[in-house]
Structures are given as C-alpha cells and as structure tokens.
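Now for the letters of each chain:
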Amino acid sequence: MQSQSETSVRLRFAPSPTGYPHLGNIRTALFNWLFARHHGGTFILRIEDTDVARKVEGAVDIILDSLRWLGLDWDEGPYFQSQRLLVYRETAQRLLDEDHAYLCYCSPERLEVMRQEQMKRKEPPKYDRRCRDLTQQQRTQLKATGITPVIRFKTPLEGETTFYDLIHDRMTFKHDTLDDFVLLKSDGYPTYHLANIVDDHLMAISHVLRAEEWLSSTPRHVLLYRALHWQAPQFAHLPMILGSDRAKLSKRHGATNISEYQQQGYLPDAMINFLALLGWSVDDRTELLSREELIKHFSLERVGKTPAIFNKEKLEWMNGVYLRRLSLGQFVDHAMPFLDRDLAKSVRRPLDENYVGRVLSLIQERAKTLGEVPQLASFFFLDELPYDTSLLSKGKLDAKSATKAMTIASQKLEEVLTWDATTLECILRSVATELNLSTGELFGLLRVAVTGRTAAPPLFQTMAVLGKDQCLKRFKMILQLLPACLN
RNA sequence: GCCCCCAUCGUCUAGAGGCCUAGGACAUCAGCCUUUCAAGCUGAAGAUCAGGGGUCCGAAUCCCCUUGGGGGCACCA
C-alpha cells in the first residue's frame, strides 16, 4: 500500500542535449529512477534544450536510446523546454512586474572585460549590477538603442539563504557571494536557473536529485522559488563521479559515453548494478543486486558524500558475472549481433544458430564483455587459421617430435567414428602414452593446431564442436608448417 | 581570488562513541583444481581510518585547525 504522500513522489531526469550522456548523467538518471520506483512515484523525462548554440544534433535520440537500453523507463515526457518558452517568458515578466528582476542592457563584451578586470584584481567575478538601479531616463535611452536586454534576477544584497539538502543537510549561502544572474537570455530562451525551477514547479517535482556540481547554484533556485511564492522541492545533491585523474568526467577520460558501453558489450543489468554501487550501498557485503532488489532497498540515507572514481575493472568483473548467469539461449541472443558485427567478412552469413550455440557454450564463461566474444570464438568460424609459427617453435617439443606426434594423432583420428569429446580424449590420451609425451606437451601442440592459439576452451570439446573434417584439415596444415620451424 | 563540498586499503565501499587488533568487493600475489585459458575454491598482501589539536572513562565515528582533492563563480547546462 502506498501512503498518501508517496503517491505524490515525482522525480525527473533533465539532461541537456549538448552532448551524449555519460556515466555521471546516467547515474543521476538511475538514482532518480530508483527513488521514484522505490516510492511508487512518477519518473519524468525532460529535455533541457535551452542552449541553441551548444545543441548537438542527434543527442536527444542517443539519450532516449540509452535510457531505453538500460530499462530506465519514464512515465511522463519527454518534455522539451524549447517548446515551453512562453511559460518562462511569462514567469520572467511576472518577476519583472513584482520587482524581483530587471532588464539589463550590458553587452557580452562589456561583461567579459569586467570579469577580466575583476580576476586581475583577484576579486570574485560577479556582475556589477550596473543596470539594477537605472533611472527612468537611462532606461528610456537604453531602450531607444534597440539593444535586446536580458532579464536578471534581483538577488537580495544582504542576508543569507538556508535550505536543507537530503544528503548534505543544512546549507547556508550568504547573498553577497551571489550575483544577479540572468533569467532570460536575449535570444528569448530561459537560462537553466529559470527554466529548471519553472518546470520543477509546474511538473510538481517533489525531489530533485542531481549531481553535486549544482549545489552552489541551489541558493539561486531557492531564492527564485521564494520570489514566486512557490514551494521548493526537496534537494539531494549526489556525489560526483570522477575520472581516474580525480577530475570531473569529460571526453578526455575516454569511454564515458554510455553508448560506448553498449557497443563494447556490457549488459544493461550489470551496468545498472555497477552504477548503483557508485555512491550507494545496501550493506557491508552485498555487491550483486537485481533491479528489483535495487528498487526495494534504495534509499537516500545510504547515499554517500564522497566522490567516486569509476573503476572499470570492477565493471568488467561484474559484467562477466552477469554474462555467466545468462542461459545459453540468452547468451546466444545477446552475442549474435556482436558476432555479426565483428567476425571477419569472409565468414559466411547468416551464422548458423545451432553451431553458434555449441560454440558459445564454450565461450560464455570466458567472456567479460560481449564485445570480446567474436575474438574469443573466431577460430571456430574461420576456414583457414592465420597460424603464428612462433607458437609452434615455442612449444616444448622440437619440430621433429612435433611432426611425429601430429602424424600419429592424425592417423588415429582419421579412424574415429564417433567424434565426441569423450572419445577424442580417450584416443589422444593413449597417443600421449604411446609417444611417451606428457598430456600437457601433446595437448598443447594440438591446441595450437586446432585453434591457432595457446589459450582456448578445452581441447576435446573444441574439437568436437569443430568437427572431424575441420580438425584434420588443420592438422595437415600444421604438418606442412612444421618443417619451417626446425631447430 | 571568492564561495561551497568532500576526506577509511590502488579503486568501489561497510562503519552513525565501546561489537574495529577496521569488514566486504574489484584488482594484485600464492596455492588447489586442471590438457591451456577461463571459472571456481582457499589463502596472502594491502588503510598508523589525510595530519594536528581537543571533548570523552573510551573516537574511524563528535568539535576545531591545517593539508589535500573536487565543484561552482557565463546571455552553458
């Protein structure tokens, strides 16, 4: 049963389409989603596309695709701020009418120079409020110039603003450290500060969960809510996710876009599980949690305050766990697109699903990502293996005894009628005994012959899947190559 | 420069005054298993709880200072 108050839990994820969503953005989306789902609330998607200049084509689609891929389903939206400009303008006008805002005619160039000088004087860069108290005459004059003004908020000159953050508790900011920020830009678009509070109010957002980089602009938002006599939502500023150099995540850190993880073959469930543990935990030992468990246990009380560095090795491990937990059928379904994409062009398509299934049963527990499956399995599909002869000469056997072993093994295998792992093992073990070779020596040699590598799935199972013809063909191939590796 | 946040193994973290001679996970190393790899199992190493002061019978846990790291200070979000 949901209590009355829980039915009004409304969360939103509000990305801006100025780039592709990275791990940090997605972690924020996840926590909002988890919180909403935990409380039986509503999860809303809102696109904050108020920066015309920095808008990236296609970013919205990538954002939606990424959320869908991860299964972070939303109940409302996506709303687009660019389609709600009137609401922001009306609100800005109201602020103007009620003396909480004013028109500012200062040019960007002037502001830039001003900031430069402030920096030079080692002062905090802040708007100098030149247009805050213009006389009626100055106002008329400036209006006559035809310059399109921006609308700025009249930040109280004195006093301080306090609010309670669900994670950081009580926060207080002095007004004299704030300046008169822009609400409406000269192109008629709202700034983040305005659009954000207008929408959160209109969409009845109850909790704002966002990255800690927003903490210092929160007093502005609180001030705005007060000026408009609106009740502010509850804020929770989540710890940041940092790159390995401990700096804010950016392109420099490589592979931070969530879609890259999709392409590399990480599973949504593993991704979700891993991201949930960046800044949150259930207890002192639980690492693996299903979506349902995540929803069930999620709470802001267990969100930490320390910024986290993204640990790719752990993600890989976790993805491997999720990969191994898949049924063979599921694994095949997931891996098929990757095989299609990355297997050599020479491999005939469509791939035979039955054969792929037998191959992948040997690959599944060896893959950490779906992306490495084609590489791990390539020798099952290639007609001719690109042998690296140094692998042969590196073996424990010299070319002469290797040739002898291969010849005998070939002969024995020619006669095999039931080509299965058990039979093959039985026969080849006896070959080893007969030649007075250790199993390691013989099998190692055969492994290179069959797979072209020294590390591969179990030899006999591999041979069984590959089939008699293909195996014997590879043996012949090796026999031809061996003389070249003399000494 | 100003404002704000943060501080436990390399990394993710548990810890809300005595259960901590600080627990778990990834990574690392060793052993077992074994035809290689992987997986699995067992074990090891790894944190004087950033440093210094307090408070207290008692502090990783509370307070202060220092240091370090991060974030913000746009007609970007």
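Predicted, not measured: the structure shown is a model, and the values here were computed from it.

Cut-offs applied
Residue numbering note: each chain is counted from 1, following its sequence as written. Throughout, the order in which chains and ligands are written sets their labels, letters from A for the former and numbers from 1 for the latter. At least 70 in pLDDT is required for a residue's local features to be given in this predicted model, at least 80 for side-chain atom pairs to be given and counted, and no such filter applies to totals for whole chains, interfaces and linings, which use all residues. As a convention, hydrogens and water are excluded, and side-chain values are obtained from all of the structure's heavy atoms. We treat two strands as partners when DSSP finds at least two bridges between them. In this text, helices come from DSSP runs of H or I with a minimum length of four residues, and strands from runs of E with a minimum of two, each type numbered from the N-terminal end. All axes are obtained by fitting lines to C-alpha atoms, using only the stretch in contact for helices, and the reported angles, taken between N-to-C directions, cover 0 to 180 degrees. Any two residues whose heavy atoms approach within 4.5 Å at even a single point are treated as in contact. Residues are called lining when one of their atoms sits within 4 Å of a cavity or pocket point, these points coming from a 1 Å grid over the protein atoms alone, where a cavity is a set in which a 1.4 Å probe fits but cannot get out and a pocket is an open set with protein on both sides within 12 Å along at least five of seven lines. Grid points are joined across faces, edges and corners, and a volume is the space filled by probe spheres set on the points. For this classification, the nonpolar set comprises Ala, Val, Leu, Ile, Met, Phe, Trp, Tyr, Cys and Pro, the charged set comprises Asp, Glu, Lys and Arg, and every other residue, Gly included, is treated as polar. Here the expected length of a helix is defined as 1.5 Å per residue gap, with one fewer gap than residues. Here the term buried applies to any residue with accessible area under 20% of the maximum for its type, exposed to any over 50%, and partly exposed to those in between, with areas from a 1.4 Å probe on protein chains only. Whenever a carboxyl oxygen of Asp or Glu lies within 4 Å of a side-chain nitrogen of Lys or Arg, that contact is scored as a salt bridge. In this text, near means that some heavy atom of the residue lies within 4 Å of the molecule or strand in question. In the analysis that follows, any N or O atom pair within 3.5 Å is treated as a polar contact, provided that within protein one partner can donate a hydrogen and the other can accept it, and provided that, for residues neighboring in sequence, both atoms belong to side chains. Throughout, the edges of the domains are those of an automatic or database domain assignment. Buried area, as used here, totals the accessible surface that two parts lose on assembly, with accessibility defined by a 1.4 Å probe and the loss added over both.

What the three strands build is an open sheet, ordered E1-E2-E3; its pairing is parallel. A strand with exactly one partner marks an edge of an open sheet, and here the two such strands are strand E1 (10-13) and strand E3 (76-80). Mean inter-strand twist for the sheet, computed between neighbouring axes without regard to direction, equals 25 degrees. Contacts from helix H2 (residues 59-70) reach E1, strand E2 (42-47) and E3 within the one sheet, and its direction differs from that of E2 by about 160 degrees.

So, on to the layout of surface pockets. The space that makes up the largest pocket amounts to roughly 1200 Å³. Taken together, 41 residues make up the lining of the largest pocket; nearest its centre are Ser16, Thr18, His22, Asn25 and Glu213. Looking at the lining of the largest pocket, the elements with two or more residues in it are E1, helix H1 (23-38) and strand E9 (207-211). The element that contributes the greatest number of residues to the lining of the largest pocket is H1, accounting for five residues. Partitioned by chemical class, the residues of the lining of the largest pocket number 15 nonpolar, 15 polar and 11 charged. One number sums up the size of the second largest pocket: a volume of about 380 Å³. Considering the residues around the second largest pocket, the lining is formed by 23 residues, among which Pro108, Leu111, Arg115, Arg152 and Val182 are closest to the centre. Take the lining of the second largest pocket: its biggest share by element is five residues, from helix H4 (residues 108-120). Its residues placed into classes, the lining of the second largest pocket shows 13 nonpolar, three polar and seven charged.

Compared with the 22 Å implied by 1.5 Å per residue over 16 residues, the 22 Å span of helix H16 (residues 399-414) between its first and last C-alpha is a close match. Within H16, the full set of buried residues consists of Ala399, Ala402, Ala405, Met406, Ile408, Ala409, Ser410 and Leu413.

Now for the pattern of salt bridges. Tallied over the entire structure, the rule returns 26 salt bridges. Notably, a salt bridge pairs arginine 129 with aspartate 180, separated by 3.0 Å at the nearest N-O pair. Taken together, the residues span a long stretch of sequence, with arginine 129 in the loop between H4 and helix H5 (136-144) and aspartate 180 in the loop between strand E7 (169-174) and strand E8 (182-184) at a distance of 51 residues. For aspartate 180, a relative accessible area of 0% translates into the label buried. Across the pair arginine 291 and aspartate 269 runs a salt bridge, and its minimum N-O distance is 2.8 Å. Of this pair, arginine 291 sits in helix H10 (residues 291-297) while aspartate 269 sits in helix H9 (residues 268-276), and the two are 22 residues apart along the sequence. The class of arginine 291 is buried, set by a relative accessible area of 18%. Among the ionic contacts, a cluster of salt bridges with common partners joins Arg12, Arg46, Glu48, Arg84, Asp199 and Asp200.

Taken together, 66 residues form the shell around RNA strand B, and within it Lys185, Lys248, Glu365, Arg447 and Ala456 come nearest. In the interface set of RNA strand B, defined as its atoms within 4 Å of the protein, sugar plus phosphate atoms amount to 72%. In this structure, glutamate 287 approaches RNA strand B through a side-chain N or O atom, which is 2.9 Å from a sugar or linking oxygen. Arginine 429 places a side-chain nitrogen or oxygen 2.7 Å from a phosphate oxygen of RNA strand B. Of the residues that constitute the surface near RNA strand B, the class distribution is 28 nonpolar, 13 polar and 25 charged.

Per the domain assignment, the segments making up chain A are domain 1 (6-62 + 71-81 + 196-241), domain 2 (86-184), domain 3 (326-380) and domain 4 (390-486). Distance between the C-alpha centres of domain 1 and domain 2: 24 Å. Summing both sides of the interface, domain 1 and domain 2 together bury roughly 2100 Å²; the carbon and sulfur share of this comes to 72%. Put simply, domain 1 and domain 2 have zero salt bridges between them. Joining domain 1 to domain 2, the criterion identifies six residue pairs in polar contact (both at pLDDT 80 or more). Only helix H6 (192-202), helix H7 (218-227) and strand E10 (234-238) provide two or more residues apiece to the side of domain 1 that touches domain 2. For the side of domain 1 that touches domain 2, the class distribution of residues is 13 nonpolar, seven polar and four charged.

The next thing to look at is the sheet that holds strand E4 (residues 101-104). Ordered by their spatial adjacency, three strands build an open sheet running E4-E5-E8, and the pairing between neighbours is antiparallel. Looking at which strands have only one partner, the edges of the open sheet turn out to be E4 and E8. Strand-to-strand twist of the sheet, defined as the mean angle between neighbouring strand axes without regard to direction, takes the value 45 degrees. With two bridges joining them, strand E5 (residues 150-153) and E8 adopt antiparallel strand pairing. The partner of isoleucine 151 across the bridge, within E8, is leucine 184.

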